[in-house]
Amino acid sequence: MILIVGANGFFGTQLQKLFLKKKIKFFASDISLKENNYLDIRNKNSIKDIIKKNNIKIIINCSCEPATSKSKKKLWSTNVEGNNNLIKCCLEFDIKKYIYISTSAIWVKNYENPVDESEEYNPVENYGKSKVQAEKDIISSNLNNWTIFRVPMIVSKERLGILSLLFDLILLDKKVPLLNSGKNILQFLHADDLSNCIYLSLNINEKNIYNVGSEEKISLKNLIEKLILEVNSKSKIFSIKDFGVTKILSFLNKLNLSPLNIYHLNMLKFSLTLNSDKIYKNY
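Thresholds, definitions, all that
Residues numbered from 1 in each chain as written. Predicted model: local features only at pLDDT ≥ 70, side-chain atom pairs only at ≥ 80, totals over all residues. Heavy atoms only, no water. Core = buried A, V, L, I, M, F, W, Y, C linked by side-chain atoms within 4.5 Å. Buried < 20%, exposed > 50% of the residue type's maximum accessible area, 1.4 Å probe, protein only. Helix = DSSP H or I, 4+ residues; strand = E, 2+ residues; numbered from the N terminus. Contact = heavy atoms within 4.5 Å. Arc of directions from axis to C-beta. Pairing = 2+ DSSP bridges. Axes fitted to C-alpha atoms, helices over the stretch in contact; angles between N-to-C directions. Phe/Tyr/Trp six-rings, centres within 6.5 Å; stacked < 30°, edge-to-face > 60°.

Student: Help me out: how do you make sense of the nonpolar core in this one?
Tutor: One recurring pattern in soluble globular proteins is that nonpolar side chains are buried together. Of all hydrophobic cores here, the largest spans 26 residues; its most connected members are Phe-19, Ile-60, Phe-149, Leu-194 and Ile-198. Listing elements by their share of this core, those giving two or more residues are β1 (2–5), α1 (10–22), β2 (26–29), β3 (58–61), β4 (97–101) and α6 (191–201). Looking at which element gives the most residues to this core, the answer is α6, with four residues. Excluding residues that lie within four positions of it along the chain, Leu-194 makes contacts with Phe-11, Ile-101, Phe-149, Val-151, Ile-154 and Leu-189.

Structure representation (structure tokens):
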């Protein structure tokens, strides 16, 4: 039996769809679910109970306190301490494999070339730092079989992430602000593609980290222009020079007056794409 942790979140629900289609047996757990499916990974006994009752052999950790969280304590307790509890339970119950979903937020600066798995960490806020620590804890653990998938923004028709803000402006024929020139290159990942990677990894014995991003890479400006044309919007793009704009928006975020944190803001002005050659070669 496979345990999906964070099964009630966006990606957890997408992964369940594939497993149902492939007729793979799994147990869905989440802190937001009730009764037998309730799981708080900050409580090790809660994890143990589910493993024992459901004969769990593989654990897929899709759970996390999100990048939009304002609480460093919550980020650390879930993303780091919770991950450590899962690692300890994997060792105690001889779990066959541990799969962890990481993020491109471990690198936040302007990258001219696609980054590969050997790129040094460069997080700038608590979410990215918590994911870095979680990765390090897995790598330094005594687990015999683990896979880490590093992913950019996961999208699907059900979820567009911060892009939904742009969509709203475009659908309402409003002006769309663009930091600087908008020439920075972005990359996304469809939820179905990540689900397929996880499915393929289930029977692979390894200790490996993979970057997983779509083959298509596009500048932020070109993306917005395509969206405007696609829906026949009357929206116009206007550029804003970043003379302190990012700092102001970061301050507003701390006051809960902006939906964008430092990671999101830098994503709107920096280039970052993942080199996925390794996973294409191995899978």
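Student: It is not clear to me how α6 should be interpreted in this structure. Could you clarify?
Tutor: It helps to recall that an α-helix has 3.6 residues per turn; residues three or four apart then point in one direction. Within α6, the full set of buried residues consists of Ala-191, Leu-194, Ser-195, Cys-197, Ile-198 and Ser-201. Along the axis of α6, the buried residues cluster in a sector spanning 160 degrees; they form a single face.

Student: Before we go on, may I ask you to explain helix α7 (residues 220–230) in this structure?
Tutor: Every buried residue of α7 is accounted for by Leu-220, Leu-223, Ile-224, Leu-227 and Ile-228. Taken around the axis of α7, the buried residues stretch over an arc of 135 degrees, which confines them to a single face. Exposed side of α7, more than 90 degrees from the buried face: Lys-226, Leu-229 and Glu-230 are the residues found there.

Student: Quick question: what am I supposed to make of the pairing of β2 here?
Tutor: Strand residues, when the strand is regular, have side chains that alternate between the two faces of the sheet. Along β2, one buried face is formed by Phe-26 and Ala-28 and the opposite face, lined by Phe-27 and Ser-29, is buried too. Taken together, the four bridges between β1 and β2 define a ladder with parallel strand orientation. Looking across to β2, one finds that Ile-2 is bridged to Phe-26.

Student: Even after reading the chapter, I still don't get unusual backbone geometry, so can you show me in this structure?
Tutor: Glycine aside, a negative phi is what most residues show, and trans is what most peptide bonds show. Although it is not a glycine, Lys-23 adopts a positive phi angle of roughly 60 degrees. Tracing the chain through its elements places Lys-23 in the loop between α1 and β2. Judged by relative accessible area, Lys-23 falls into the exposed class, the value being 76%. You will see that Asp-94, though not glycine, has its phi angle at about 55 degrees, which is positive.

Student: What is the right way to look at the sheet that holds strand β5 (residues 146–150) in this model?
Tutor: Pairing is parallel across the open sheet formed by six strands, whose spatial order is β2-β1-β3-β4-β5-β10. Strands with a single pairing partner mark the edges of an open sheet, and in this sheet they are β2 and β10 (207–211). Between one strand and the next, the sheet's axes are offset by a mean angle of 15 degrees, whatever the strand orientation. Looking at chain direction, β4 and β5 are connected through four bridges and run parallel. By the bridge assignment, Ile-99 is partnered in β5 with Thr-147. Each of β1, β3 and β4 touches helix α3 (residues 72–92); the most contacted strand, β4, lies at about 165 degrees to it. In the packing of α6 onto the sheet, contacts are made with β3, β4 and β5, and the angle to β4 comes to roughly 165 degrees.

Student: It is not clear to me how the packing of aromatic side chains should be interpreted in this structure. Could you clarify?
Tutor: Describing an aromatic ring pair means giving the distance of the ring centres and the angle of the ring planes. The full count for this structure, using the stated rule, is four aromatic pairs. Between the aromatic rings of Phe-149 and Tyr-210, the centroid separation amounts to 6.1 Å while the plane-to-plane angle is 25 degrees, which identifies the pairing as stacked. Of the two residues, Phe-149 sits in strand β5 while Tyr-210 sits in strand β10, which places them 61 residues apart along the sequence. Pair check on accessibility: Phe-149 and Tyr-210 agree, each one buried. The interplanar angle of 80 degrees and the centroid separation of 6.5 Å between the aromatic rings of Phe-149 and Tyr-283 together place this pair among those described as edge-to-face. Pair noted here: Phe-149 is in strand β5 and Tyr-283 is in the segment after α10 (277–282), with a separation of 134 residues, a long-range link. Take Phe-149: its relative accessible area is 0%, and that puts it in the buried class.

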